[in-house]
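Spelled out, the chains give:
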Amino acid sequence: ASPRQEKAKPEEETGETARISVLFPLPLPKAYDYLCAAPAPPIGGFVAAPFGPREVTGVVWPSEGDALAPEKMKAISAVFDAPPLSRDVVDFVDWAAAYTMFPKGAVLRMVMRVSDALEGPRMQTAFVKRQEAPDGLRLTSQRKAVLAAAGEAPLSAAELAGAAGVSEGVVRGLADAGALAKVEIDPDPPFVEPDLTRAGHALSEDQQYAAQMIGDVIAEGGHKAVLIDGVTGSGKTEVYFEAAAAALQKDPEAQVLILLPEIALTLPFLSRVEERFGAAPAPWHSDLTGAQRRRTWRRVAEGQARLVVGARSALFLPFKKLRLIVVDEEHDNAYKQEEGVIYHARDLSVARGSLGGFPVVLASATPSLETVVNVDEGRYEAVGLSSRFADAAMPDIALIDMREDPPEAGKWLSPVLVDAVSKNLSVGEQSLLFLNRRGYAPLTLCRRCGHKMTAPGSDTMLVEHRFENRLVCHHTGFSMPKPSACPICNAVDSLAPCGPGVERVAEETKERWPAARIAVLSSDTAPGPGSVRAVLDAMREGDIDILIATQVAAKGHHFPNLTLVGVVDADLGLAGGDLRAAERTYQLLSQVTGRAGRAEKPGRALLQTYQPQAPVLAALASGDRDAFLAAEAAGRSELGFPPYGRLAAITLRSLEEKTLEETARRLRAAAPNAEGVDVLGPARAPIYRLRGMARMRLLVKTRKNVHLQAYLADWLKTVKIPGAVRVSVDINPYSF
Ligand code: ADP
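A quick note: this is a predicted structure, and the numbers were derived from the prediction, not measured.

**Observations regarding the overall build of the protein chain**
Summing up its helical and strand segments, the protein chain has 19 helices and 34 strands in all. By its C-alpha atoms, the protein chain is 90 × 80 × 65 Å across when sized along the principal axes. Sorting the 736 residues of the protein chain into buried and exposed places 44% on the buried side. Considering only intrachain contacts with a sequence separation of at least 6, the fraction spanning at least 24 residues in the protein chain is 74%.

Written out as structure tokens, the structure reads:
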């Protein structure tokens, strides 16, 4: 079937015309009106239409009523023979645009990431081996290699050529000679259906109770948000697998989405889902190939892919009938998308469920304060899993006061921690040294003139990466070979690394324990989820004695022989004025220390700190999460910060500093006075200059009962912003 029906133009039809609105995946705030042949495609249908000088693919959208006069309207040029977006996806795009204050078309663009999927199945030629070779076939060594690689399963010319180490021409030659048969295959094979007759693990009493409670919510139908609150290893995943099974069982067309914060997590997780459901789920994350993305997108749109596991952007897949979302590690900041359309996938998931009338399950060992308050105030349900599965003990957490137990000069591990690692080595158990900082040293300083190495056009520090002998900016991606002389004073060999990164701690570790098997794990020493997995596998197999790692190792992994976690710098995340600094530190360190002692062996964690009196560290040591949350809640409530008030950041960016400052001041002066609204700033952004752009910011803090978006919209439309300045709004900002 042709994907496009070209009979869309009214004049080519019997004369019956209809008018429709079309939203394009471009940064435009509204849909445009067009004529088309009656009957009109449904809302959500994909069409192509002339827009400016081009023809653009868009989606039929609910009309907003400001229709053009018919004689001014253009006709659409084609209708796609692809499943239309479901009404709840359309409503979700509208809602997300209104909430985030980004244009509708920019949100639609996230749904239409894989535009070539609309072209429908483009059959692909593949080859299978014929039972008998034709008479007189000339067999070269290259041809023999192809025939050895071919079999009953169809393989493309490229696959066969790759397997045999020959050119594609050899494969085609063999087909022409009749030794290979040609078959047409769909390049996007359907996903295997989850097997719902399969039973999961026999659940513990706690797990049964939780699964039952969520099962009741699913059976009842309608929207509800439910938090599964349980320490790492308490079996939350098994519980939400039951929820997924229940939702899939209830409706043979239902689809389920499981969101995970990191792609590094998805690989082992996909195998776990496959074990449970006898079928690999449809994956969605940024490391997929174009063909994999297209397959998932298309099969999700058709409703064929029933179980999807993905990173935050999977929320914008064109589900035909989504009936359950699970947000695992709901507190994780990786759910906040900071580029393009700025959104938080957990918050948007709850809205998606509310619009679609289905439940949303949140899971965490350290729920966000937002979620805790939603539970306390009765908007969300909660169910707890109080102990680790099979009674594995929680690790014993102790603080090391670095003022009393300092490391030797130029070293980073205190004597107490060194001792603990040595003891662990001697009994053959594994240790994890955690430092959430990539590279060798976070700062490179000229000892002669004091110059700090920064990225060009940015106020960001260059981080030394010694494995590659380069200086790298973690914000902009800029990198350069480490210079031998200071670029300012030209002093030779004066550039000194300051402070530790994982590579530097690894250096110290290798010096101290030369016989130990040591590995470093961070997103750049092990680029790509494949090699992250190799290190994680080696750790699980017991082939590593000491792992030095950033947060890549913090989440979701199970290392049976890991009994000691040393946190090199527990204070690291507390610096800076971030609203959620303490909360984030609590979450991250709980998660890291939770890696210790997951099996029969008890674990312990040692946290190196210069401020053992800080409430967050005291709470970690005593395991008193509720006291910590209460203190956090009191602090935020007193200042009227989220979740007790609303907050937005308005960022202005420009290459022209004068224009920027002047615009920021003018914008501030135009802020309408309103009850319960505080406007703070303008002030320079924490990283003032980034990629040549200077950045200023205003913060808007309102009471909970103020409609923040309406206030901002009224305000922003009164001010003329010069072309040289770009403005963006971040609702409930996480980094400020
Ligand atoms: P969480 O998601 O809370 O971190 P998991 O669901 O990953 O916990 O469970 C931790 C470990 O315990 C996993 O290895 C899991 O397979 C195992 N586990 C959990 N529940 C059960 C059960 N009912 N029967 C057998 N093994 C279980």
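There's plenty left to go through after this.
**Here we look at the nonpolar core**
Counting residues in hydrophobic clusters, the biggest one holds 96 residues, and the most contacted among them are V22, A243, A244 and V326. The contact partners of A243, leaving out residues within four places of it in the chain, are A211, I214, G215, I218, L324, V326 and V361. L369, L536, I544 and L564 belong to the second-largest nonpolar core, a separate cluster that totals 54 residues.

**A word on the sheet that holds strand β20 (residues 396–401)**
Within the open sheet, the 6 strands sit side by side as β20-β30-β29-β21-β28-β27. Their pairing is parallel. Two strands close off the open sheet at either side, each with one partner strand: β20 and β27 (518–521). Strand-to-strand twist in this sheet, taken as the mean axis angle between neighbours without regard to direction, amounts to 20 degrees. Sheet strands in contact with helix α15 (residues 581–593) are β20, β21 (430–434), β29 (562–567) and β30 (604–609), and its direction is about 150 degrees off that of β29. Seen against the sheet, helix α16 (residues 615–622) touches β20 and β30 and runs at an angle of roughly 140 degrees to β20.

**Here we look at the UniProt feature "binding site: Zn(2+) 2" (unreviewed entry) in the protein chain**
Look at the UniProt record and you will see "binding site: Zn(2+) 2" (unreviewed entry) annotated at C473. Mapping C473 onto the fold places it in the loop between β24 (470–472) and β25 (479–481). You can call C473 buried: it has 20 C-beta atoms within 10 Å. Ignoring sequence-local partners within four residues, the contact set of C473 consists of A455, S458, T460, L462, F478 and S479.

**Digging into the environment of D493**
Tracing the chain through its elements places D493 in the loop between β25 and β26 (495–498). Residue class for D493 comes out exposed when judged on the 10 C-beta atoms lying within 10 Å of it. Between the C-alpha atom of D493 and that of Q142, which follows or precedes it by 351 residues, the distance is 56 Å.

**Regarding the packing of α15 against α16**
Here α15 crosses α16 at 30 degrees, and the two axes come no closer than 9 Å. As far as their axial angle goes, α16 and α15 are roughly parallel. Viewed along their axes, α15 and α16 form a crossing whose handedness is right-handed. Contacts from A582, T585, Y586, L589 and S590 of α15 reach α16 at V616, A619 and L620. Here the contact of α15 with α16 is built from residues that sort into 6 nonpolar, 2 polar and no charged.

**Considering the sheet that holds strand β19 (residues 381–385)**
Strands sit in the order β13-β14-β12-β15-β18-β11-β19 across an open sheet of 7 strands; the sheet is parallel. At either end of the open sheet lies a strand with only one pairing partner, and these are β13 (282–284) and β19. Direction aside, the axes of adjacent strands within the sheet are offset by 20 degrees on average. In terms of strand pairing, strand β11 (residues 225–230) meets β19 through 5 bridges, oriented parallel.

**A short note on the confidence of the model for the protein chain**
For the protein chain, per-residue confidence averages 90 on the pLDDT scale, and 94% of positions sit at 70 or higher. Within the protein chain, strand β1 (residues 4–5) has the poorest average pLDDT of any element, 60, and strand β15 (residues 322–328) the best, 98. The ipTM for the predicted assembly is 0.96, set against a pTM of 0.88.

**Some thoughts on unusual backbone geometry**
Note the cis peptide between A38 and P39, where omega equals -5 degrees. Examined against the element boundaries, P39 turns out to sit in the loop between β3 (32–37) and β4 (46–51). Unusually for a residue other than glycine, M101 sits at a positive phi of about 70 degrees. As for its position among the elements, M101 is in the loop between α1 (87–100) and α2 (104–111). Residue M101 is classed as partly exposed on the basis of its 19 C-beta neighbours within 10 Å. Positive phi is not limited to glycine here, since R691 has a value of about 50 degrees. Mapped onto the fold, R691 is located in the loop between β32 (677–690) and β33 (693–703). By C-beta crowding, R691 is classed as partly exposed, having 16 other C-beta atoms within 10 Å.

**Brief notes about the UniProt feature "binding site: Zn(2+) 1" (unreviewed entry) in the protein chain**
When the UniProt feature table is mapped to this numbering, "binding site: Zn(2+) 1" (unreviewed entry) covers C446, C449, C486 and C489. The greatest C-alpha distance among the residues just named is 8.6 Å, despite their covering 44 residues of sequence, which places them together in space. Looking at the secondary structure, you find C449 in the loop between β22 (443–446) and β23 (463–465). Its 12 C-beta neighbours within 10 Å are what place C449 among the exposed residues.

**Thoughts on α1**
Along its 14 residues, α1 runs 20 Å from first to last C-alpha, staying within 8% of the 20 Å computed at 1.5 Å per residue. Those residues of α1 that fall on the buried side of the exposure criterion are D88, V89, V90, F92, V93, A96, A97 and T100. Once α1 finishes, M101 follows within two positions and takes phi at roughly 70 degrees, a positive value.

**Things to note about the packing of α1 against helix α10 (residues 345–356)**
Remark: α1 packs on α10, axes separated minimally by 10 Å, with the N-to-C direction vectors making an angle of 135 degrees. What the angle tells us is that α1 and α10 run oblique. Judged by the twist between their axes, the crossing of α1 over α10 is right-handed. Side by side, α1 and α10 meet where D88, D91, F92, W95 and A96 of the first sit next to L348, A351, R352, L355 and G356 of the second. Within the contact of α1 with α10, the residues separate by chemical class into 6 nonpolar, 1 polar and 3 charged.

**Re the pairing of strand β8 (residues 124–129)**
Where β8 and strand β10 (residues 180–185) come together, 6 bridges link them in antiparallel fashion. Bridging across to β10, Q124 finds its partner in I185. The sheet contact formed by β8 and strand β9 (residues 155–156) spans 2 bridges and is antiparallel. Along β9, the bridge assignment pairs F127 with L155.

Reading guide: rules and limits
- Residues numbered from 1 in each chain as written.
- Predicted model: local features only at pLDDT ≥ 70, side-chain atom pairs only at ≥ 80, totals over all residues.
- Helix = DSSP H or I, 4+ residues; strand = E, 2+ residues; numbered from the N terminus.
- Buried ≥ 20, exposed ≤ 12 C-beta atoms within 10 Å, placed from the backbone.
- Contact = placed C-beta atoms within 7 Å.
- Core = buried A, V, L, I, M, F, W, Y, C linked by C-beta atoms within 7 Å.
- Pairing = 2+ DSSP bridges.
- Axes fitted to C-alpha atoms, helices over the stretch in contact; angles between N-to-C directions.
- UniProt positions renumbered as here; feature names shortened; annotations may be inferred.
- Parallel < 35°, antiparallel > 145°, perpendicular 65-115°, else oblique.
- Left-handed = near helix turned anticlockwise from the far one by under 90°.
- Nonpolar A, V, L, I, M, F, W, Y, C, P; charged D, E, K, R; others polar.
- pLDDT = per-residue confidence, 0-100.
- Expected span 1.5 Å × (residues − 1).

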